[in-house]
Structure formats: structure tokens, C-alpha cells
Amino acid sequence: MMKVVKFGGSSLASAEQFAKVGKIIHSDKERKYVVPSAPGKRNAKDTKVTDMLYACYALVEADEDFRVPLMKIKDRYDAIINGLNLKLSLEEEFKKITENFKNKAGIDYAASRGEYLNGIIMAAYLDYEFVDAAEVILFDKDGNFDADTTNKVLAGRLAKLERAVIPGFYGAMPDGTVKTFSRGGSDITGSIVSRAVQADCYENWTDVSGFLVADPRIIKNPQPIKTITYRELRELSYMGASVLHEEAVFPVRKAGIPIHIRNTNAPEDEGTWIVESTCQQSQYTITGIAGKKGFVSVNIDKDMMNTEVGFGRKVLSAFEENGISFEHMPSGIDTMTIFVHQPEFEGKEQAVISAIHRLANPDSIELEGDLGLIAVVGRGMKSNRGTAGRIFSALAHANVNVKMIDQGSSELNIIIGVSNADFEDAIRAIYDIFVETQL
Ligand code: ASP
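This one's a predicted model, so the numbers in the text were calculated from it and none came from an experiment.

Novice: In this structure, what is going on with the environment of alanine 241? I would like to understand it.
Specialist: Considering the arrangement of structural elements, one finds alanine 241 in the loop between α9 (230-238) and α10 (249-255). A relative accessible area of 24% means that alanine 241 is categorised as partly exposed. C-alpha separation for the pair alanine 241 and glycine 386, spaced 145 residues apart in sequence, amounts to 25 Å. Filtering out sequence-adjacent residues up to four positions away, alanine 241 remains in contact with Leu236 and Ala290.

Novice: Even after reading the chapter, I still don't get the packing of aromatic side chains, so can you show me in this structure?
Specialist: Between two aromatic rings, the relevant description is the distance of the centres plus the angle of the planes. On inspection of all chains with the given rule, the structure shows ten aromatic pairs. Arranged with centres 6.3 Å apart and planes meeting at 70°, the rings of phenylalanine 18 and tyrosine 125 form a pair that is edge-to-face. A residue pair is termed long-range when its members are at least 10 positions apart, and phenylalanine 18 in helix α1 (residues 15-26) and tyrosine 125 in helix α5 (residues 107-126) qualify at 107 residues. Since its relative accessible area comes to 0%, phenylalanine 18 is described here as buried.

Novice: Any chance you could explain the sheet that holds strand β14 (residues 404-407) here in plain terms?
Specialist: Where strands meet in a sheet, backbone hydrogen bonds hold them as pairs that are either parallel or antiparallel. Spatial strand order, β12-β11-β13-β15-β14: five strands in an open sheet with antiparallel pairing. Among the strands making up the open sheet, the edge pair consists of β12 (335-341) and β14. Between one strand and the next, the sheet's axes are offset by a mean angle of 35°, whatever the strand orientation. Of the pairings in the sheet, the one linking strand β11 (residues 288-301) to β12 comprises seven bridges and is antiparallel in character. Considered in β12, the bridge of serine 297 is made with phenylalanine 339. Docked against the sheet, helix α13 (residues 349-360) engages β11 and β13 (364-377), running at close to 110° with respect to β13.

Novice: Sorry, what's going on with the pairing of strand β10 (residues 272-275) here?
Specialist: Across a regular strand the side chains alternate sides, sitting on one face of the sheet and then on the other. Strand direction decides the pairing type here: strand β8 (residues 227-229) and β10, joined by three bridges, are parallel. Among the inter-strand pairings, threonine 229 is bridged to a residue of β10, identified as valine 275. Sheet topology places strand β9 (residues 259-263) next to β10; three bridges connect them, and they run antiparallel. Its bridge partner lying in β10, histidine 260 is registered against tryptophan 273.

Novice: I'm lost on a negative patch on the surface in this one. Help?
Specialist: A contiguous patch of negative charge, built from Asp301, Asp303, Asp363 and Glu366, is present on the exposed surface. Residue position: aspartate 363 is located in the loop between α13 and β13.

Novice: Which parts of the structure should I look at to understand the site of the ligand?
Specialist: Taken together, the residues surrounding the ligand are Ser37, Lys48, Thr50, Glu115, Phe169, Arg183, Gly184, Gly185 and Ser186. One of the side-chain N or O atoms of arginine 183 is found 2.7 Å from an oxygen atom in the ligand. The contact in question runs from an oxygen atom of the ligand to an N or O atom on the backbone of serine 186, over 2.9 Å. Summarising the interface, the protein chains cover 94% of the accessible area of the ligand, which totals 260 Å² for the free molecule. Among the residues making up the shell around the ligand, the classes are represented as one nonpolar, five polar and three charged.

Novice: How should the packing of α1 against α5 be read in this particular structure?
Specialist: Contact geometry of α1 with α5 gives a least axis separation of 11 Å together with a crossing angle of 55°. On the basis of the axis angle, α1 is oblique to α5. Note on packing geometry: the crossing formed by α1 with α5 is right-handed. Contacts from Phe18, Ala19, Val21, Gly22, Ile25 and His26 of α1 reach α5 at Asn118, Ile121, Met122, Tyr125 and Leu126.

Novice: So what exactly am I meant to see when it comes to the side chain of aspartate 187 here?
Specialist: With respect to the element layout, aspartate 187 can be found in helix α8 (residues 186-196). The exposure class of aspartate 187 is buried, given its relative accessible area of 5%. Of note is the side chain of aspartate 187, whose polar atom sits 2.9 Å from the side chain of asparagine 204. If near-sequence neighbours (up to four positions away) are discounted, aspartate 187 is found in contact with Lys6, Tyr202, Asn204, Val243, Leu244, His245 and Ala248.

Novice: Would you mind showing me how to read the sheet that holds strand β2 (residues 31-36) here?
Specialist: Strand order in this open sheet of eight strands is β3-β4-β2-β1-β7-β9-β10-β8, and the pairing throughout is mixed. Each of the sheet's edge strands pairs with one partner strand only, and the pair in question is β3 (129-130) and β8. With five bridges connecting them, strand β1 (residues 3-7) and strand β7 (residues 201-206) associate as parallel partners. Directly across from valine 4, in β7, lies its bridge partner tyrosine 202. Lying over the sheet, α1 contacts β1, β2 and β7, oriented at roughly 170° with respect to β1. The strands touched by α9 are β8, β9 and β10; relative to β8, the strand with the most contacts, the crossing angle is about 85°.

Novice: Is there a simple way to think about α1 in this case?
Specialist: For α1, which comprises twelve residues, the first-to-last C-alpha distance of 16 Å matches the rise-based estimate of 16 Å (1.5 Å per residue) to within 8%. Among all positions in α1, only Ala15, Gln17, Phe18, Val21, Gly22, Ile24 and Ile25 are buried.

Novice: What am I meant to see in the packing of helix α3 (residues 67-83) against α5 here?
Specialist: The geometry of a pair of packed helices is captured by two quantities: the angle between their axes and the separation between those axes. Between α3 and α5, the least distance of the axes is 11 Å, while the angle of their chain directions is 15°. Here α3 lies roughly parallel to α5, going by the angle between them. Crossing handedness for the pair α3 and α5: right-handed. For the pair α3 and α5, the contacting residues are Tyr77, Ile80 and Ile81 in the first and Arg113, Gly114, Leu117, Asn118 and Ile121 in the second.

Rules of the game
Sequence order as written defines the numbering, with residues in each chain counted from 1. In keeping with the model being predicted, local features are shown solely for residues with a pLDDT of at least 70 and side-chain atom pairs are shown and tallied solely at 80 or more, while totals for entire chains, interfaces and linings include all residues. Hydrogens are left out, water is left out, and the side-chain values use all remaining heavy atoms of the structure. Helix and strand assignments come from DSSP, with helices taken as H or I runs of at least 4 residues and strands as E runs of at least 2, each series counted from the N terminus. Throughout this description, buried means an accessible area under 20% of the type-specific maximum (1.4 Å probe, protein chains only), exposed means over 50%, and partly exposed covers the range between. Whether two residues are in contact is decided by their heavy atoms: any pair within 4.5 Å suffices. Two aromatic rings, drawn from Phe, Tyr or Trp (for Trp, its six-membered ring), form a pair once their centres lie within 6.5 Å of each other, and the interplanar angle then sorts them: stacked below 30 degrees, edge-to-face above 60, tilted otherwise. Whether two strands pair comes down to DSSP finding at least two bridges between them. Lines fitted to the C-alpha atoms define the axes, with helices restricted to the stretch that makes contact. Angles between their N-to-C directions range from 0 to 180 degrees. Residues qualify for a patch when their relative accessible area is over 30% and they have no salt bridge, like charges being joined within 9 Å and the nonpolar side chains of Val, Leu, Ile, Met, Phe, Trp and Tyr within 5 Å. Per-residue accessibility takes into account occlusion by the displayed protein chains alone, with areas from the Shrake-Rupley method and a 1.4 Å probe. The term salt bridge refers to a pairing of a side-chain nitrogen on Lys or Arg with a carboxyl oxygen on Asp or Glu at a separation within 4 Å. In this count, Lys and Arg are taken as positive residues and Asp and Glu as negative ones, while His and the chain termini are left out. Lysine's charge is taken at NZ, arginine's at CZ, aspartate's at CG and glutamate's at CD. Being near a molecule or strand, for a residue, comes down to having at least one heavy atom within 4 Å of it. We call two N or O atoms a polar contact when they sit within 3.5 Å, provided that within protein one can donate a hydrogen and the other can accept it, with sequence-adjacent residues counted only if both atoms are side-chain atoms. Each residue receives one of three labels: charged for Asp, Glu, Lys and Arg, nonpolar for Ala, Val, Leu, Ile, Met, Phe, Trp, Tyr, Cys and Pro, and polar for the others, Gly being one of them. Just so you know how the angles are binned, under 35 degrees is roughly parallel, over 145 roughly antiparallel, 65 to 115 roughly perpendicular, and the rest oblique. By definition, turning the near helix anticlockwise from the far helix through less than a right angle yields a left-handed crossing, and turning it clockwise yields a right-handed one. Take the number of residues in a helix, subtract one, and multiply by 1.5 Å to get its expected span.

By themselves, these observations are geometric and do not establish any function.
See below:
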């Protein structure tokens, strides 16, 4: 057995947090490859080192003095080094960084130093080998991640090392220029490393005990999700549930490696397993509920719409012309409705309406804004009768008016449209009927 472990910023924000991480790693000898993030927030008012680096580099770009903010960053690392009693100095590294900043090494280079320096500390603390991600995580000349070359190079390099620390979040382009993934991208590095070493498990350590059935800001102490499939996760993350970077699933999914989300501050908690497929039933018929506010429905009516070949295409091209992507498209016999994001749509609404008139010649178009979409997701829905019935009777009891229903053919999720004002009540009603009542 071999595990790759990735630790998020809050797990590495201070010497105390490092000590917890060290304990976790040493408690299981299978934890051989470690991917650290940059130090995160130590408390609610604190600033992540990555954000400090972005701010510092903004001064570099404006040709302003950046030495004081850079020294503040160094202080963060020195506090960790001293707190761990390490004999390590980052003096030389900071000299190099200062020099490279003066030479305008780029915003990605600047941001990547957060993980790079934390990786050096982590390697010293664990006495593991340090592998600079710039040598093994590779992007092509256009800045796209090069999965195949990376896999070859990384697998070759790590085959020679029994234990190693590989900083998250960045890699390099063919000319050596440092390039980062999007924010939160250390999750992706962890996944790439797991694939390269063909790990049995990718442990992703963070500050929550895995995914929860519903948003804790809406439901008090929601139940954790023990096991979730990649497809369920995709549906829930798309609707706003965020614990893991969305792109992090692809490398491990390809290699059939499960992800185990765990809590550095509560290592005894079970966490959430993210798997390709499972024969385990989810505990509550549904696996999770997530949702987003801020949608508009564009309702289009035309008599005999059902007989007109190409009507849907013409309507959709009105959205395409205006660069708007749609979310859902439930339809009736003489009506169709398109759901779009309100902020994206608002400035272009009249242009879209006139384009629909021009292209599809409908009888009428009506807009309704301030809608929320809720996704009820669960692999168990396929084999359980009455799920939809239970959802809608719960919503009726809670006095929530359902504006739209959409169930995909995969029967993995049911999407429900409600007004923004009913959004929280609707989620509470659905959670209650499936989790609290546990029928
Ligand atoms: N440190 C980076 C960020 O704050 C990457 C990461 O933590 O995954 O986005």
C-alpha cells in the first residue's frame, strides 16, 4: 500500500499545524509522498501567504518598494521554522526571490513561492527528499498542463525516491517559466502525483471532515457524506459544494485511485471517500443537496412549437450570439424555458430577446429573475421509488412554490427551481425529509 497525502493551507498555517501534520504522516508509513500548500490563515482575520505574495508582486509590477511586505512573508515562514526547532535558514532563498522579483519573474512565479518554501520546510521537518515541482509538473508552451509528459517525468523521478515532498500549485513551461494552476490548485498536484506513483489512495487533508449532506450555513450540523462517486461529486460541486478543486478528480479518476478527504484537526473522523463506483447504498437515499441563487428563466411561447423543426436551435443560437451559456432547458409542448445566470444575463437581456424574436419568431417571451436552483443528488434515487414524491410533498408542506423541475436521464439528480426567497426553506425541507426523518 502507498498513499499520497496533500495538506491544505490551513493545515500548514503555523508550527502547531505542522506538528499535527507530522504526527499524521508518521502514524502511517504508507504516507510516502507529501504535497503541501502554502501556509493559509491562522485565524479568521489572517491573510493566506499566497494572497500576501500576490499583493507583494503587485508592488513589483508598479515599480514600488516591495521589501517590507516580502519580509512579512519571510516572518511567516521563520515563525514556523522556529516553532518546529528546525536548523534551516531561508535567507538565501529570499535573496533569490528578491532578485527574481526585481527581474520581473512574473505573477505565477511569485505566487508559487508560497508552496515552494513550505515544501522546503516540510521536507526538512520530515527528513524527506524535496522535489521542486518546476522540474516535474510540466505545462506546454501555451501554458496548458501536459498530463502525459508530466506523468512520464514525474513517475521516473519518484521511482527513485522512497519518500518525497512535492510542493503543490505550480509547475513550469518548456522554457522554465513557472506556471501555476488556478487557485486551490495544490489539490490538482496531489492528484497528479497519485497517478504518477500509482498510489492506492490519495488522501486530501483539509480543515473539514469531508463533504456534508448540505451546506452548514443553511443546515445546523449536517451529516457527513461517507462515500460519494465522482459523478455525484461533480453535480454537487457544480452547484456550489466546494471542498476540492474541480479539476483534481481527473488524474486519479483516470487511474482508478480513490480520494479520501480528511480533517487535519480531527484525524479520528472518518472523512469522505470519493470513488469511481460503489455498491454501498448512500445512507439516506440522497447523497447530498446543493444549490445556487441568482438565475433568470427565459420563458418562450409559440403555438405549435412542437411541430417546428429547428426551433430549439434557433432559440439557443440567440444565446450563443451573445456569449451566454445556459444551465437548464425544461420544455413543454408550446413552451420552452432557458435558465441562465442572472449577473451574466442582465446586461444583455434586451439583445437576447430581440435575437430570439429575429431568429425564432416566438409569440411571447417572459423573463423571471431572482430564482434559485437546488440539486438533489444521489446514486440511490435510481433504485428507490418515490424520491421525487417525497421531495415535492416536503416542499409543499414548507409552503415552497416549485417553479421548475428537471431530472436528467441518468436519474442521478433532480434539479428544482424556486424563488431566491424560498431557497433556504426548500433546502431545509428536503434535508429534513431525507435525513432527519430517515424514512
Ligand atoms: N496556495 C494556493 C492558493 O491559495 C494553492 C492551494 O492552496 O491549493 O490558491
